[in-house]
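# Examination of the molecular architecture
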Amino acid sequence: MSTPHPTGYNPDFLGVPAPMPTAPGVTTVPLAYTHFSTLHRPDRRLAAATAVAIDGATLRHVERSDDWRLDDRRPPEQQAGEEIYADNDLDRGHLVRRRDPVWGEQAEAERAESETFFYTNAAPQASSFNQDRELWLGLEDYLLDNAADHDRKLVVFTGPVLTDDDPQYRGLHIPLQFWKIGGFTVDGALGTTGYLLDQTPQLGDLQQEGELPPLGEFRTFQVPLARIAELTGLDLGPLAAADRMLVPEPAAAAISDHAIRLTAYADIRGL
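Summarised in this report is the structure supplied together with it. (Residues numbered from 1 in each chain as written. Predicted model: local features only at pLDDT ≥ 70, side-chain atom pairs only at ≥ 80, totals over all residues. Heavy atoms only, no water.)

## Describing the packing of aromatic side chains
This is how the line gets drawn: Centre distance within 6.5 Å is the pairing criterion for rings of Phe, Tyr and Trp, where only the six-membered ring of Trp is used; planes under 30 degrees apart are then read as stacked, over 60 as edge-to-face, and the remainder as tilted. Put simply, DSSP marks the helices as runs of H or I at least four residues long and the strands as runs of E at least two long, and each gets a number from the N terminus on. Accessible area is worked out with a 1.4 Å probe on protein chains only. A residue is then buried under 20% of its type maximum, exposed over 50%, and partly exposed in between.
Tallied over the full model, the rule gives 7 aromatic pairs. Between Tyr33 and Phe118 the ring centres are 5.6 Å apart and the planes differ by 35°, which places this aromatic pair in the tilted class. Here Tyr33 is found in the loop between strand E2 (29–32) and strand E3 (36–41), whereas its partner Phe118 is found in the loop between helix H2 (106–115) and strand E6 (122–126), with 85 residues between them in sequence. Here Tyr33 and Phe118 have matching classes, each one buried. Between the aromatic rings of Tyr85 and Tyr119, the centroid separation amounts to 6.0 Å while the plane-to-plane angle is 15°, which identifies the pairing as stacked. Placement of the pair is Tyr85 in helix H1 (residues 82–85) and Tyr119 in the loop between H2 and E6, with a sequence separation of 34 residues. Members of the aromatic cluster, connected to one another through ring pairs, are Trp68, Tyr85, Phe117 and Tyr119.

## Points about the pattern of salt bridges
Note the following rule: We define a salt bridge as a side-chain nitrogen of Lys or Arg found within 4 Å of a carboxyl oxygen belonging to Asp or Glu.
Summed over all chains, the structure comprises 10 salt bridges. One salt bridge connects Asp71 with Arg73, and the closest N-O pair in it is separated by 2.8 Å. Residue class for Arg73 comes out partly exposed when judged on its relative accessible area of 32%. As a salt-bridge pair, Glu230 and Arg227 come within 2.6 Å of each other at their nearest N and O atoms. Taken together, the residues span about one helical turn, with Glu230 and Arg227 both in helix H6 (residues 225–232) at a distance of 3 residues. On the basis of relative accessibility, which here comes to 48%, the residue Glu230 falls in the partly exposed class.

## What about the nonpolar core?
Test applied: Here, nonpolar core refers to any group of buried Ala, Val, Leu, Ile, Met, Phe, Trp, Tyr and Cys residues whose side-chain atoms link them within 4.5 Å.
The biggest cluster of nonpolar side chains holds 27 residues, and the ones touching the most others in it are Val52, Trp136, Leu154, Phe178, Tyr195, Leu262 and Ile268. Elements with a minimum of two residues in this core: E2, strand E4 (46–55), helix H3 (131–137), helix H4 (139–146), strand E7 (153–161), strand E10 (177–186) and strand E11 (189–198). It is H4 that contributes the most residues to this core, 4 residues altogether. In terms of nonpolar packing, the next biggest core, distinct from the first, is built from 22 residues, Ala49, Ile181, Val223 and Leu225 among them.

## Let's talk about the environment of Val52
Keep this limit in mind: In what follows, a contact means two residues having at least one pair of non-hydrogen atoms within 4.5 Å.
Of note, Val52 is situated in strand E4. For Val52, a relative accessible area of 1% translates into the label buried. Taking the C-alpha atoms as reference points, Val52 and Pro101, separated by 49 residues in sequence, lie 6.5 Å from one another. Beyond its immediate stretch of four places on either side in the chain, Val52 contacts Tyr9, His35, Phe36, Val96, Asp100, Pro101, Leu154, Val155 and Val156.

## Here we look at the sheet that holds E4
Operational definition: Any two strands are treated as partners once DSSP identifies two or more bridges connecting them.
The sheet built from 8 strands is open, its strands ordered E2-E3-E4-E7-E10-E11-E12-E14 with antiparallel pairing. In the strand order of this sheet, the two ends are held by E2 and strand E14 (260–261), each with one partner. Two elements, strand E12 (residues 219–223) and E14, share 2 bridges in a ladder whose sense is antiparallel. Among the inter-strand pairings, Phe221 is bridged to a residue of E14, identified as Arg261.

## Here we look at H6
Three or four residues apart is the spacing at which side chains of an α-helix point the same way, because the helix has 3.6 residues per turn. Applicable threshold: The directions from the helix axis to the C-beta atoms form the arc being described.
Leu225, Arg227 and Ile228 are the residues of H6 that are buried. Along the long axis of H6, the arc covered by the buried residues comes to 155°, so they all point the same way. Check the buried side of H6 and you find it contacts E10, E11, E12 and helix H7 (238–241).

## Observations concerning unusual backbone geometry
Its identity as a non-glycine residue notwithstanding, His35 has a phi of 75°, on the positive side. With respect to the helices and strands, the residue His35 is situated in the loop between E2 and E3. With relative accessibility at 8%, the residue His35 sits in the buried group. The backbone of Arg170 shows a phi angle near 55°, a positive value even though the residue is not glycine.

## Brief notes about H2
Within the span of H2, buried status applies to Ala109, Ala112, Glu113, Ser114 and Glu115. Of the surrounding secondary structure, the elements contacted by the buried residues of H2 are E3.

Structure, rendered in structure tokens:
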């Protein structure tokens, strides 16, 4: 299968629109897949944001297809493909996690799993991970399991922080940070929590040529959604207003000072 199924992320799933860019002059292209969408940045060859709806009541087990390929709807030169990941220590990091959109009828679930392997849903990440990296990947499960009072539905938004000074490797600027937002309902009201994965101190200097240096520890923080909006230039709409991480008022410090280093799920505020 080379052409994705065009249903995409459904904003009516929890009544939450996907993040949209606010920076003037930034071109983005929405790409729809089964149960998820990406907001592609052709200039960076990566997604600026992804949005996935997860129906915990109809999740299915599907074997890993692992069929990475380019999306025919965009020119190859606008996508970061196999040439970025060959013969180095970089993983094709799923932005929409492979298991998240895998729900519904069996054929629908299998199609969704397969479509997470388009390069438009990947970003370069280190292949060696520690406990914090596992914490990052498990956040969706944790949010889903702990939203005991909602209707077993969850939306997750994820993306890289794309900056002009990201280090360049093989012609691609490699993001130093990644963000994630979980959205859920509690007693009929929307709640959100935001997270930032930071590898900046450990990354070292990436060079255009030569070997990629080993990447070290990934650090996961819970941050106010206002901080994610500040870093990414994305309009988070009702997501920011529903943030469960309370920032003291008046906020004497900058938004960037309000962050909690996560070492365990129990550290998360607002759940």
